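If you want the building blocks of each chain, they are given just below.
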Amino acid sequence: MFRRSQTPGRTADQLLLMRRAGLLVGQTLEMLRGEVRPGVSTLALDALAEDFIRSHGGIPNFQLVPGYAHTLCTSVNDEVVHGIPSSSRVLHEGDLVSVDCGAELEGWNGDAAFSAVVGGSDAARPEDLRLIDLTEDALWAGITALVVGGRLYAVGESVEASIESAGAADGREYGIIEEYVGHTIGRSMHEDPQIPNYAVRDKGPTVRAGFTGAIEPMVTLGSPSTRVLADDWTVATTDGSRAAHWEHSVAVTEAGLTVLTAVDGGAARLGDAYVALD
Ligand code: MG
Ligand code: MG
């Protein structure tokens, strides 16, 4: 008899600690949303994020990744993920920026990201706003595919179906990044098993009660093909098309879902699937 593999699961007490770490990340990103404006450098955003996390007792966990010295990844326009904050990277009206942030608090980790247009929707190309919205919708579609006893890779199936239905409605094909994936999160930011943001043949391990994962679709207006820039970190599209990236860390319990890195725990978007941890 084969016993199907299962994801890890956390205890109720551990989930409360993960909520504290996730909430710190969510609050940091909320703060940064108000700071993304024309003329700000991505390094200035990084400094604000580091101050915020440390002043609340946390550690910027991206700095625990060997070789990475910053609190955020800031990826602009054709950059998809892992953009390095820089004083020379000043944001301009109409730029599409993705801000990815993580923190460790009391030994537990959170990881989340949002995309936005600098200067708001008035400054945006309509296709950029659409890309941002459909990527966020795909994130929530992936989150709601998580259920105790279900299979982990249902997440990627839902993410991909959501993006494809948006593409069908728009009469175009969006690029779904496959080279970078979501992951289990807990004592470390990146734990196994990984979580593809696209449909795969395998259905993956069974989701155990208390599972905590980071779901993070990345979508482009063109090809899904990417390259790593000369800084050895920044991932950009090969065709120069713009990309969006959204991420949340999520807890799955028998009673439902809590989005650990959402300030409201996911209540507004999850409806009946939402459950408070405390
Ligand atoms: Mg992240
Ligand atoms: Mg992540």
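Residues numbered from 1 in each chain as written. Chains lettered and ligands numbered in written order. Predicted model: local features only at pLDDT ≥ 70, side-chain atom pairs only at ≥ 80, totals over all residues. Heavy atoms only, no water.

Focus on the packing of helix α3 (residues 126-143) against helix α4 (residues 154-170)
So, point 1. Following both chains from N to C, one finds α3 and α4 inclined at 150 degrees, their axes separated by 7 Å at the closest point. Pair α3 / α4 crosses with right-handed handedness. Here α3 contributes R130, L134, D137, A138, A141 and G142 to the contact with α4, which in turn contributes V155, S158, V159, S162, I163, A166, A169 and D170.
So, point 2. Residue composition of the contact of α3 with α4, grouped by class: eight nonpolar, three polar and three charged. (Axes fitted to C-alpha atoms, helices over the stretch in contact; angles between N-to-C directions. Helix = DSSP H or I, 4+ residues; strand = E, 2+ residues; numbered from the N terminus. Left-handed = near helix turned anticlockwise from the far one by under 90°. Contact = heavy atoms within 4.5 Å. Nonpolar A, V, L, I, M, F, W, Y, C, P; charged D, E, K, R; others polar.)

A closer look at the state of the cysteines
So, point 1. Applying the stated rule across the entire model yields zero disulfides.
So, point 2. Between C73, a cysteine without a disulfide, and C101, which holds the nearest cysteine sulfur, the sulfur-to-sulfur distance is 9.7 Å.
So, point 3. Among the residues examined, C73 registers a relative accessible area of 7% and is labelled buried. (Disulfide = S-S within 2.5 Å. Buried < 20%, exposed > 50% of the residue type's maximum accessible area, 1.4 Å probe, protein only.)

Brief notes about the coordination of the magnesium ion (ligand 2)
For a metal with four tetrahedral donors the ideal donor-metal-donor angle is 109.5 degrees, whereas six octahedral donors ideally subtend 90 or 180 degrees.
So, point 1. Protein coordination at the magnesium ion (ligand 2): the donors are D111 (OD), H183 (NE2), E216 (OE) and E247 (OE), at 2.1 to 2.3 Å from the metal.
So, point 2. Between consecutive donor residues of the magnesium ion (ligand 2), the sequence gaps follow D-x71-H-x32-E-x30-E. (Donors = N, O, S within 2.8 Å, 3.2 Å for Na, K, Ca; no water.)

Quick notes on the sheet that holds strand β3 (residues 96-105)
So, point 1. Taken in spatial order, the three strands make up an open sheet running β1-β3-β4, and their pairing is antiparallel. Of all the strands in the sheet, the pair left with one neighbour each is β1 (72-76) and β4 (108-117). The sheet shows a mean angle of 10 degrees between the axes of neighbouring strands, taken without regard to direction.
So, point 2. Bridge count for β3 against β4 is ten bridges, and the pairing is antiparallel. Directly across from L105, in β4, lies its bridge partner W108.
So, point 3. Its contacts with the sheet place helix α2 (residues 42-55) against β1 and β3, and it is angled at close to 155 degrees to β1.
So, point 4. Packed onto the sheet, α3 meets β3 and β4 and runs at close to 155 degrees relative to β4. (Pairing = 2+ DSSP bridges.)

A few points about the pattern of salt bridges
So, point 1. As enumerated under the stated definition, the model contains twelve salt bridges in all.
So, point 2. Across the salt bridge formed by E127 and R125, the nearest N and O atoms sit 3.8 Å from each other.
So, point 3. Across the pair R269 and E136 runs a salt bridge, and its minimum N-O distance is 3.9 Å. Remark: E136 occurs in helix α3 and R269 occurs in helix α5 (residues 267-270); sequence separation between them is 133 residues.
So, point 4. Under the relative-accessibility criterion, R269 is labelled partly exposed at 41%.
So, point 5. When salt bridges that share partners are traced, they join R125, E127, D128 and R242 into one network. (Salt bridge = Lys/Arg side-chain N within 4 Å of Asp/Glu carboxyl O.)

A word on unusual backbone geometry
So, point 1. Note that the residue after D192, namely P193, is joined by a cis bond; omega there is 0 degrees.
So, point 2. Position of P193 among the secondary structure elements: in strand β7 (residues 191-195).
So, point 3. One non-glycine residue with positive phi stands out, namely H82, at about 65 degrees.
So, point 4. Looking at the secondary structure, you find H82 in the loop between β2 (79-81) and β3.
So, point 5. At D232, a position not held by glycine, the phi torsion is positive, near 75 degrees.
So, point 6. Assignment of secondary structure puts D232 in the loop between β10 (226-228) and β11 (235-237).
So, point 7. On the basis of relative accessibility, which here comes to 64%, the residue D232 falls in the exposed class.

Looking at α3
So, point 1. In this model, α3 (18 residues) spans 26 Å end to end at C-alpha, consistent with the 26 Å of a helix rising 1.5 Å per residue.
So, point 2. Among the residues making up α3, those that are buried are D128, L131, I132, L134, T135, E136, A138, L139, W140, G142 and I143. (Expected span 1.5 Å × (residues − 1).)

So, the nonpolar core
So, point 1. Of all hydrophobic cores here, the largest spans 67 residues; its most connected members are L29, L91, I143, L146, I163 and I215.
So, point 2. Not counting the four nearest positions on each side in its chain, L146 is found in contact with L152, V155, V207, F211, I215, V250, V252 and L257.
So, point 3. By size, the runner-up hydrophobic cluster in this structure holds six residues, among which are V80, I177, V235 and A243. (Core = buried A, V, L, I, M, F, W, Y, C linked by side-chain atoms within 4.5 Å.)

Looking at the coordination of the magnesium ion (ligand 1)
So, point 1. At this site the magnesium ion (ligand 1) is bound by D100 (OD), D100 (OD), D111 (OD) and E247 (OE), with donor distances of 2.0 to 2.6 Å.
So, point 2. As a motif over one chain, the donors of the magnesium ion (ligand 1) read D-x10-D-x135-E.
So, point 3. Distance-wise, the magnesium ion (ligand 2) is placed 3.2 Å from the magnesium ion (ligand 1), both being coordinated by D111. With D100 in strand β3 and D111 in strand β4, the pair connects residues that are eleven residues apart, well separated along the chain. Grouping residues by exposure puts D100 and D111 together as buried.

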